[in-house]
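# Chains, contacts and geometry: an overview
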Amino acid sequence: MSNLESCYVCGASEYTQVAKQTDLRFFPEDEFRVVQCNSCQLVYTLPKLNGESLGKYYPTNYGAYNYNVEKMASEYDLTTTYMEPLVRRYGINLFAELFASGLKKVIAVLSNEFVRLRYQLSGLQRASVLVSFLPFRQKPGNYLHIGSGEGPTFLRLMKEGWNVSAIDINAELMEQWREYTPVNAIGGEIKNANFADNSFDVIFMSHVVEHLTDPMVELQALSRWLKPDGVFVCELPLYGTWGWSLKNKYTYYDVPRHTIHFTYQTISNLMQMSGFKIRKVLHVPYCYGFFFADFKRFCMTGSPADSQNGNTVISLIPWRHKALGYISWLFRTSGDICIYATKGKI
Ligand SMILES: [Zn+2]
């Protein structure tokens, strides 16, 4: 039996079909099956993507690749904007939350709650708030960024003195990062990279784990590369939450790029089996900032129009769904979570 259709995590070959879905972004004629493993309940997409089909479904106009690296890199040289003091404080406290105990931990948790609330009430965009919440120590260290989105995050870290590596399947884009910045940019899948064990203080990936084509092998590599006192930050959409079901079809399955549709149980299972221990989970208020931006516009203009932020995915979401998305976050059932994990046992 080949692994053409077997479960990504437990390897079982018995599954039940839960949905059929076409590629709503690029190839509407290509249909895929969403199936659930009968053994471990993992929900995944068939047929699986492989080395050849990856390129087809991640064309150059894929959203995450819309970066003008040269321009961004020149701004990186010129900018005088350092990490905001509150964000830095949050990041330092995050380490205390994960590793300290007793009173020190309590103080870190409370102070982080305060910072998070302050940012969320200010109605900033989701990404600019949560991606900033990386765990920092007092001194810069080694940082690995998986997936080339959020380039500004690693540029900012580089300016702060961090030693930055990045991996993305878009080899051309990674070549540009190498050309214009000192980022150690690797074009390919995680399994094509080769770092020494215990290399990184922080490994970060946002909306990447649901795109992996060999998640067990790739997460095992990440857990080997993480230092014993390092932190793995993994943000992902959660399948089956009602916050998730508010997203339209364009975003929620996103087949075939979403190879796996995780529930909290299945991502926990995968992370544990690949050598991580989950220490903290944050619910991400999907389109929260956009809700507040819309509300402000409504108060000023009387029209609850979709936000004109140029983000196609977000602007396709109806206003009432954004409001419901906010409520779902309040009840901790939002469609996205951010997991903070440390090295565990395999
Ligand atoms: Zn399975």
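Next up on the list: the overall build of the protein chain. Helix and strand content of the protein chain: 14 helices and 11 strands. Each of the 346 residues in the protein chain was classed as buried or not, and the buried ones make up 37%. Contacts spanning at least 24 positions in sequence make up 71% of the contacts within the protein chain whose residues lie at least 6 apart.

Right, let's talk about the sheet that holds strand E11 (residues 336–343) for a bit. If you walk across this open sheet you meet the 7 strands as E6-E5-E4-E7-E8-E11-E10, and the pairing is mixed. Pairing within the sheet leaves two strands with one partner each, and these edge strands are strand E6 (184–187) and strand E10 (276–284). Taken pair by pair, the neighbouring strands of this sheet meet at an average axis angle of 15°, ignoring direction. One ladder, built from 8 bridges, connects E10 with E11; its direction is antiparallel. Looking at E11, one finds that His283 is bridged to Ile337.

On to the nonpolar core, then. Membership of the largest hydrophobic core comes to 66 residues, with the highest contact counts inside it found for Ala166, Ile203 and Phe232. With residues near it in sequence (within four places) discarded, Ile203 still touches Leu144, Leu222, Trp225, Leu226 and Phe232.

With antiparallel pairing, the 4 strands of this open sheet are ordered in space as E1-E2-E3-E9. Of all strands in the sheet, those bounded by a partner on one side alone are strand E1 (15–22) and strand E9 (260–261). Both E1 and strand E2 (residues 31–37) contribute to a ladder of 7 bridges, which runs antiparallel. When the bridges of E2 are listed, Ala19 appears paired with Val34.

With 4 of 5 residues buried, strand E4 (residues 142–146) is to be regarded as a mostly interior element. Bridge count between E4 and strand E5 (residues 163–168): 5 bridges; the pairing is parallel. Bridged to Asn142 within E5 is Asn163.

Here we take up the confidence of the model for the protein chain. Segments scoring low in pLDDT should not have their predicted coordinates read at a detailed level. Averaged over all residues, the pLDDT of the protein chain is 80; the fraction at 70 or higher stands at 74%. Mean pLDDT across the elements of the protein chain bottoms out in helix H13 (residues 312–315) (44) and peaks in helix H8 (residues 215–225) (96). pLDDT under 50 marks residues 304–315. Its contacts with residues more than four places away, or in other chains, come to 17 contacts.

Residue Pro47 is reached from Leu46 by a cis peptide bond, and omega for that bond is -10°. Considering the arrangement of structural elements, one finds Pro47 in the loop between strand E3 (43–46) and helix H1 (51–57). Its identity as a non-glycine residue notwithstanding, Gln41 has a phi of 70°, on the positive side. Relative to the helices and strands, Gln41 resides in the loop between E2 and E3. A count of 15 C-beta atoms within 10 Å places Gln41 in the partly exposed class. Here the phi dihedral of His207 falls at roughly 55°; this positive angle occurs in a residue that is not glycine. With respect to the helices, strands and loops of the structure, His207 is situated in the loop between strand E7 (200–206) and H8.

It is worth spelling out helix H3 (residues 85–99) at this point. If you check H3, its first and last C-alpha atoms are 21 Å apart, about what 15 residues at 1.5 Å a residue would give, namely 21 Å. Buried within H3 are the following residues: Tyr90, Gly91, Asn93, Leu94, Phe95 and Glu97.

A few words now on helix H7 (residues 171–180). Those residues of H7 that sit buried are Leu173, Met174 and Trp177. Buried residues in H7, looked at end-on, bunch into an arc of 100°, giving them a common side. Of the residues in H7, the exposed ones pointing more than 90 degrees away from the buried face are Glu172 and Glu179.

Analysis parameters
Residues numbered from 1 in each chain as written. Predicted model: local features only at pLDDT ≥ 70, side-chain atom pairs only at ≥ 80, totals over all residues. Helix = DSSP H or I, 4+ residues; strand = E, 2+ residues; numbered from the N terminus. Buried ≥ 20, exposed ≤ 12 C-beta atoms within 10 Å, placed from the backbone. Contact = placed C-beta atoms within 7 Å. Pairing = 2+ DSSP bridges. Axes fitted to C-alpha atoms, helices over the stretch in contact; angles between N-to-C directions. Core = buried A, V, L, I, M, F, W, Y, C linked by C-beta atoms within 7 Å. pLDDT = per-residue confidence, 0-100. Expected span 1.5 Å × (residues − 1). Arc of directions from axis to C-beta.

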